[in-house]
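Notes for the structure review
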Amino acid sequence: MNVRCTLRHIVMVAALLVAPLAPLYSQSLDDAAATSSYITPFPAGEVYSLEVIGDDLAEGLHGGVSAAFQGDSRVTVRAAPFTINGLFRNDFDEKLVQLEENLKREPLHVAIVMLGAWDRVSVRDPSGKRLQVGTPAWRQDYAARGDRLMKLLKRQNVAVYWVGLPIVRRSDANDDAQMMNEIMRERVYLNGLKYIDAYAGFTDEQGGYSAYGPDLSGKIRLLREGDGVYFTTEGYRKLAHFVERDLRRDLAQAKADRTVPLAGDEAEQARINPDKAKLSPAANGAQAAKATPTPGTPGAASAIAEAGLGEQKSDNGKVNLRILGASGKEEVVALDIVRPAIPASVIALLTRRESPDRLSQLGEAVIDQIAGGLTVMSTVALANGPNASSGRARLAPSQTPYFRVLFKGERLTPKPGRADDIAWPRPADPPEQAFLPAQDAVETGANPSPADSSKQKRRRKD
């Protein structure tokens, strides 16, 4: 009896000690679930360290990535790539040890990996048996070596972007490249990393190899070297664009997760952080809902002006840009940014109330960061956007034609008869309908109407 009471008391005391920790533990889980960015939202100094890892293809890719993020203050690309000539190289184990030591000494946030140019070789297994390229045993060994590299980077909390092999000119080598892409795509997915498919980006209209193709500006350029494997400078810049597109999207998501609004009223926020005080969403909604009328109603312009949305006075700014002059020396050019005055009536027309607690402007804002710490903001008004007629359903931003064509690179299905409809042979025109002359009811055998019978009587008299 005494033993049971003692055990019961011990259990009760343990429960009382653990109970205060339960809300903290559940809150940490909620915070982890709320962070949806692929890369860490809180790098040191809000600057991401990026390194390219791989073989000769990765060396050229490093130049394209450096050019892509040259003016972006958020990303620092390391001066040289980390060379791993192949997963089947004799020094692969030593390279993994060296890479792990480097990551412990200099933490890394983003890694772009591209391998495979030198892995189309037969290897020997531990028993000494030679494994031919593409055999099941070769595939298993290739996947295991890729797993070792992926898991090493994942243990160091590095966001990995694994770039697949592009199309190559020789048909037998291209078949092996696709086989290796299939293996790595599966391993990347199972390890929770991101795979960048660069194969279709360098094919022609029939899906075959082509040394020429459009560059980032749309001009047809020479993108591949004469060996049919490596790229030119323009080709590597285009190859880096596929990584840049996903990485910039993840950087924007990380910034959104890093921007945490402060709680409390304005006075409390001013005491905590007087320079960057920001109201919480609830406070913003309560402040925006204070008697702000809906545009289009009587007295809307004057009421909006009272709510702080009245006439905006002209506010010209100035930006200093560093450029290279004709003599080759760096010069500072001052540019004036003109912002004219905006009448309150125009603001009343363009400002709408999307929900009871939020005001928004016409169109959708597109924000991008450029060199010198400047932010470029543009507004795009869509035909089916928020100000379209309410009778038409609004498409999601990722389904709009401009997003699918300009961002995702899709080719929209042309409508028959439109300028982009190049189908051949052209569909035959519908046959013209033959019009027969009108006949009397007597000739057709139909019952004549009173009007028809009167016409027939007039004809007989004539």
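Here the structure is shown first, and the text comes after it.
Quick caveat, the model's predicted, so the values are computed rather than measured.

So, about the overall build of the protein chain. Within the protein chain, the secondary structure is distributed over 14 helices and 16 strands. Per-residue burial over the protein chain gives 29% buried out of 462 residues. The contacts in the protein chain between residues at least 6 apart in sequence include a share of 60% that link residues at least 24 apart. As displayed, the protein chain offers around 30300 Å² of accessible surface, 55% of which is attributable to carbon and sulfur atoms.

Right, let's get into the nonpolar core. In terms of nonpolar packing, the biggest core is built from 68 residues, with Leu50, Trp138, Leu149, Leu153, Trp162, Val163 and Leu239 touching the most fellow members. A per-element tally of this core places helix α7 (residues 233–258) first, with eight residues. Aside from chain neighbours lying at most four places away, what touches Leu50 is Val65, Val75, Thr76, Val77, Arg78, Leu108, Val110, Ile112 and Leu247.

To continue, consider the packing of aromatic side chains. In this structure the tally under the stated criterion is seven aromatic pairs. Ring plane angle 50 degrees and centroid distance 5.2 Å describe the contact between Phe88 and Trp138, whose orientation is recorded as tilted. Of the two residues, Phe88 sits in the loop between β3 (82–83) and α4 (92–105) while Trp138 sits in helix α5 (residues 136–155), which places them 50 residues apart along the sequence. Taken individually, Phe88 and Trp138 each receive the classification buried, so the pair is uniform in this respect. Taken together, Phe202, Phe231, Tyr236 and Phe242 form an aromatic cluster joined through their ring pairs. The ring of Tyr38 has Lys194 lying over it, and the distance from NZ or CZ to the ring centre is 5.0 Å.

This paragraph deals with a nonpolar patch on the surface. A surface patch of nonpolar side chains, about 330 Å² in accessible area, is lined by Tyr212, Ile220 and Leu222. Looking at the element boundaries, Tyr212 is found in strand β9 (residues 212–214). When its relative accessible area of 52% is taken as the criterion, Tyr212 is described as exposed.

What follows is about the environment of Gly116. Checked against the element boundaries, Gly116 lands in the loop between β4 (110–114) and β5 (123–124). On the basis of relative accessibility, which here comes to 3%, the residue Gly116 falls in the buried class. Apart from residues no more than four positions distant in its own chain, Gly116 is found in contact with Asp55, Tyr142, Leu165 and Met180.

The next thing to look at is the pattern of salt bridges. Tallied over the full model, the rule gives 17 salt bridges. Linked through salt bridges whose partners overlap, the residues forming this network are Asp72, Arg74, Arg237, Glu244 and Arg248.

With their axes 10 Å apart at the nearest point, α5 and helix α6 (residues 171–190) run at an angle of 45 degrees to one another. One element, α5, and the other, α6, form an angle in the oblique class. When you trace α5 past α6, the crossing you get is right-handed. Facing α5, whose interface residues are Trp138, Arg139, Tyr142, Ala143, Gly146, Asp147 and Met150, α6 presents Met179, Met180, Ile183, Met184, Arg187 and Val188.

With 20 residues, α5 extends 28 Å between its outermost C-alpha atoms, agreeing within 8% with the 28 Å of an ideal straight helix rising 1.5 Å per residue. Among the residues of α5, Trp138, Tyr142, Ala143, Gly146, Asp147, Leu149, Met150, Leu152 and Leu153 are the ones counted as buried. Following α5 by one or two positions, Asn157 has its phi on the positive side, about 60 degrees.

Right, let's get into the environment of Leu335. Within the secondary structure, Leu335 is located in strand β12 (residues 330–337). The partly exposed category is assigned to Leu335, whose relative accessible area is 39%. Put simply, Leu335 and Lys318 are 17 residues apart on the chain and 5.5 Å apart in space, counted from C-alpha to C-alpha. Residues contacting Leu335, with those up to four places away along its chain left out, are Gly317, Lys318, Val319 and Leu321.

Another aspect to go through is the pairing of β4. β4 sits mainly inside the fold: five of its five residues count as buried. Across the two faces of β4 the burial is the same, with Val110, Ile112 and Met114 and Ala111 and Val113 all buried. Two elements, strand β1 (residues 48–54) and β4, share five bridges in a ladder whose sense is parallel. Opposite Leu50, over in β4, you have Val110 as the bridge partner. Pairing of β4 with strand β7 (residues 159–163), which is carried by four bridges, proceeds in the parallel orientation. Bridging across to β7, Val110 finds its partner in Ala159.

Scoring rules and cut-offs
- Residues numbered from 1 in each chain as written.
- Predicted model: local features only at pLDDT ≥ 70, side-chain atom pairs only at ≥ 80, totals over all residues.
- Heavy atoms only, no water.
- Helix = DSSP H or I, 4+ residues; strand = E, 2+ residues; numbered from the N terminus.
- Buried < 20%, exposed > 50% of the residue type's maximum accessible area, 1.4 Å probe, protein only.
- Contact = heavy atoms within 4.5 Å.
- Areas by Shrake-Rupley, 256 points an atom, 1.4 Å probe, with all protein chains shown as cover.
- Core = buried A, V, L, I, M, F, W, Y, C linked by side-chain atoms within 4.5 Å.
- Phe/Tyr/Trp six-rings, centres within 6.5 Å; stacked < 30°, edge-to-face > 60°.
- Lys NZ or Arg CZ within 6 Å of the ring centre and 35° of its normal.
- Patch = residues over 30% accessible without salt bridge, like charges linked within 9 Å, V, L, I, M, F, W, Y side chains within 5 Å.
- Salt bridge = Lys/Arg side-chain N within 4 Å of Asp/Glu carboxyl O.
- Axes fitted to C-alpha atoms, helices over the stretch in contact; angles between N-to-C directions.
- Parallel < 35°, antiparallel > 145°, perpendicular 65-115°, else oblique.
- Left-handed = near helix turned anticlockwise from the far one by under 90°.
- Expected span 1.5 Å × (residues − 1).
- Pairing = 2+ DSSP bridges.

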